[in-house]
Amino acid sequence: MNYRMIGYILCFMLRVEAALMVPSMLIGIGNGEIESVKAFAITIVLLLAASSWTLFNKPKNRAIYARDGFVLVGLAWIIMSLFGALPMCLSGAIPNYIDAVFETVSGFTTTGSTILTDVEVLDKSIQFWRSFTHWIGGMGVLVFIMAIIPMSGDRSMHIMRAEVPGPSVDKLVPKARDTAMILYLIYIAITVIQIILMRLGGMPWFDSFVITFGTVGTGGFGITNISIGAYESKYLQWVITIFMMLSGVNFSLYYMLLLRQFSRIWKSEELKWYWVIFAVASIVIAINILPMYGSFEEAIRLGAFQVASIMTTTGFATADFNLWPELSRTILVLLMFVGASAGSTGGGLKVSRIMIMVKSTFREMRRLTHPRSVSLIKLDKKPLDQEVINGVHIYFLAYMLIMALSMLLVSVDGFDFTTTVTSVIACFNNIGPGLEVVGPMGNFSEFSWFSKIVLSFDMLFGRLEIYPMIITMSVSTWKRKKKNNDKNENSLS
């Protein structure tokens, strides 16, 4: 591994994190929030001090190899979360450091699960930082760093493959650095458009920013105790619904849209499945909850909002769906697994993986009845490599094993079955709320410190799609090999 380059990028990331805290500190200064300003100032100094050793010690070899990419991503998200929790802890907003880390991991991984029982008492600067972590983690901080740090050759693609969700990641343009820049420009454009639309709907500037961070980043942290339910405007609820769904779309399709390659967008099977699942689930839930509400418009608005929120793993709520009929609750739990599209800011298994597993099942059924037949699995009318198909099945196995183990560990707290199961599903799939105790109007404050640590790792495993965390935590990763073996590994990467 190229340890010097890994250390160099990690230190650069810490300086970026320090810069990203400045807006929050300025908001604190403007509002006279002395303790929060001190907390941000101390954290910024610590971040700059911890990253200072690379200022005059730049690595000569800037290559990033396959294993380096996974380790770098795993370490970056852990370290970023540990430092990111300091302002909340030092300011007294969340005195317990483990709780602060849980909240920060939930923010960066765009999960939206919280241990806070009253978010409205927080300083504006802490509320801003808490929501801003969603936006930072949505596209990925290392994707941003890729766009501004020159690396040897095009090895930085290893970082993108480790951080960007989906069964496979392709470059939009020949250079990975340019791909990262394009993705972030699209991300910023969508953010700006939503902020403007929210403001036009009468939402205050501060609220428009923080809610947009949670929407485009598919996070879910709100600044009121009843989430989006505090905004009664139908216009605002529909805008948030639409932008949650737009943020759950593969961002590469927006680039195709800019290039006017409409035929490629139309061929996207994942996009079609994504919108069909949303439409069908919204209609069924609206019909199911209609007796609870005054009109079909209200039922479809609330149903569509919650389907979009759960499917894109955002986690906002306009109603307490914990009180909805069992059919609606069951649909929402199933949507927790489905998730958004690959290459989006959303979590979950991803629609593309669901498609591949469904098509694999039908192919196996055909093979059993027609042993001599040859059947290819196609996605967007293109045959898929068997390596990609095998990767999806292996990922699903690892996904289920980690989730089962997590449920077993969290069950030690003694909560009811629904709370235990949905708390893990909500964290692992980066959704936010579950059911019962961790429902949309509940929180994770009652869980033990042990369970909070387990659930924090679940959020990281889910956001980084398992492999970066497993490779980072593996003992074999850190064993030094002979130089010849390293050279062989580097030449193959």
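Conventions used here
- Residues numbered from 1 in each chain as written.
- Predicted model: local features only at pLDDT ≥ 70, side-chain atom pairs only at ≥ 80, totals over all residues.
- Heavy atoms only, no water.
- Salt bridge = Lys/Arg side-chain N within 4 Å of Asp/Glu carboxyl O.
- Helix = DSSP H or I, 4+ residues; strand = E, 2+ residues; numbered from the N terminus.
- Buried < 20%, exposed > 50% of the residue type's maximum accessible area, 1.4 Å probe, protein only.
- Core = buried A, V, L, I, M, F, W, Y, C linked by side-chain atoms within 4.5 Å.
- Contact = heavy atoms within 4.5 Å.
- Axes fitted to C-alpha atoms, helices over the stretch in contact; angles between N-to-C directions.
- Left-handed = near helix turned anticlockwise from the far one by under 90°.
- pLDDT = per-residue confidence, 0-100.
- Expected span 1.5 Å × (residues − 1).
- Arc of directions from axis to C-beta.
- Polar contact = N/O pair within 3.5 Å; in protein donor to acceptor, adjacent residues only side chain to side chain.
- Phe/Tyr/Trp six-rings, centres within 6.5 Å; stacked < 30°, edge-to-face > 60°.
- Lys NZ or Arg CZ within 6 Å of the ring centre and 35° of its normal.

1. Let's talk about the pattern of salt bridges
Per the counting criterion, the structure on display carries 10 salt bridges. The closest approach of N and O atoms between Arg130 and Glu103, which form a salt bridge, is 2.8 Å. Highlighted residues: Arg130 in helix 6 (residues 124-139) and Glu103 in helix 5 (residues 97-108), separated in sequence by 27 residues. Judged by relative accessible area, Arg130 falls into the buried class, the value being 3%. Linking Glu436 and Arg329 is a salt bridge whose minimum nitrogen-to-oxygen distance equals 3.6 Å. Taken together, the residues span a long stretch of sequence, with Glu436 in the loop between helix 19 (417-428) and helix 20 (449-463) and Arg329 in helix 16 (residues 326-338) at a distance of 107 residues.

2. Section: the nonpolar core
The biggest cluster of nonpolar side chains holds 142 residues, and the ones touching the most others in it are Ile211 and Trp324. In terms of residue count, the dominant contributor to this core is helix 1 (residues 3-30) (11 residues). If near-sequence neighbours (up to four positions away) are discounted, Ile211 is found in contact with Gln194, Met198, Met203, Ile228, Tyr231, Ile240 and Phe316.

3. Observations regarding the packing of helix 6 against helix 10 (residues 205-216)
With their axes 7 Å apart at the nearest point, helix 6 and helix 10 run at an angle of 30 degrees to one another. Considering the relative orientation of helix 6 and helix 10, their crossing is left-handed. Contacts from Lys124, Gln127, Phe128, Ser131, Phe132, His134 and Trp135 in helix 6 reach Phe206, Phe209, Val210, Phe213 and Gly214 in helix 10.

4. Side note on the confidence of the model for the chain
The predicted structure's coordinates, where accompanied by low pLDDT, should not be read in detail. Of the residues in the chain, 90% have a pLDDT of 70 or more, and the chain-wide mean is 89. Counted against residues more than four places away or in other chains, residues 482-493, with its pLDDT under 50, gives 10 contacts.

5. Considerations on helix 2 (residues 34-50)
Under the 1.5 Å per step criterion, the end-to-end length of helix 2 is 24 Å for 17 residues, consistent within 8% with the ideal 24 Å. Every buried residue of helix 2 is accounted for by Ser36, Val37, Ala39, Phe40, Thr43, Ile44 and Leu47. Summarising the axial view, the buried residues of helix 2 lie within an arc of 160 degrees, below the 170-degree limit, and thus occupy one face. With respect to the buried face of helix 2, the exposed residues turned more than 90 degrees away are Ile34 and Val45.

6. Concerning the side chain of Glu33
One can find Glu33 in the loop between helix 1 and helix 2. Polar side-chain contacts of Glu33 include one of 2.8 Å to the backbone nitrogen of Lys124. Apart from residues lying up to four places away in sequence, Glu33 is in contact with Gly28, Asp123, Lys124 and Ser125.

7. Looking at the environment of Ile211
Summarising the element assignment, Ile211 is placed in helix 10. A sequence separation of 162 residues divides Ile211 from Ala49, and the C-alpha atoms of the two residues are 32 Å apart.

8. Observations concerning the packing of aromatic side chains
Under the definition given, this model contains 26 aromatic pairs. Aromatic pair Phe209 and Phe213: ring centres 6.1 Å apart, planes at 65 degrees, arrangement edge-to-face. Of this pair, Phe209 and Phe213 both sit in helix 10, four residues apart, which is roughly one turn of the helix. Overall, the relative accessible area of 31% leaves Phe209 in the partly exposed class. You can call Phe213 buried: its relative accessible area is 6%. Put simply, the rings of Phe128, Phe132, Trp135, Tyr184, Tyr187, Trp205, Phe206, Phe209, Phe213, Phe251 and Tyr254 touch in pairs and so form one group of aromatic residues. The ring centre of Phe221 lies 3.9 Å from the NZ or CZ of Arg130, which sits over that ring.

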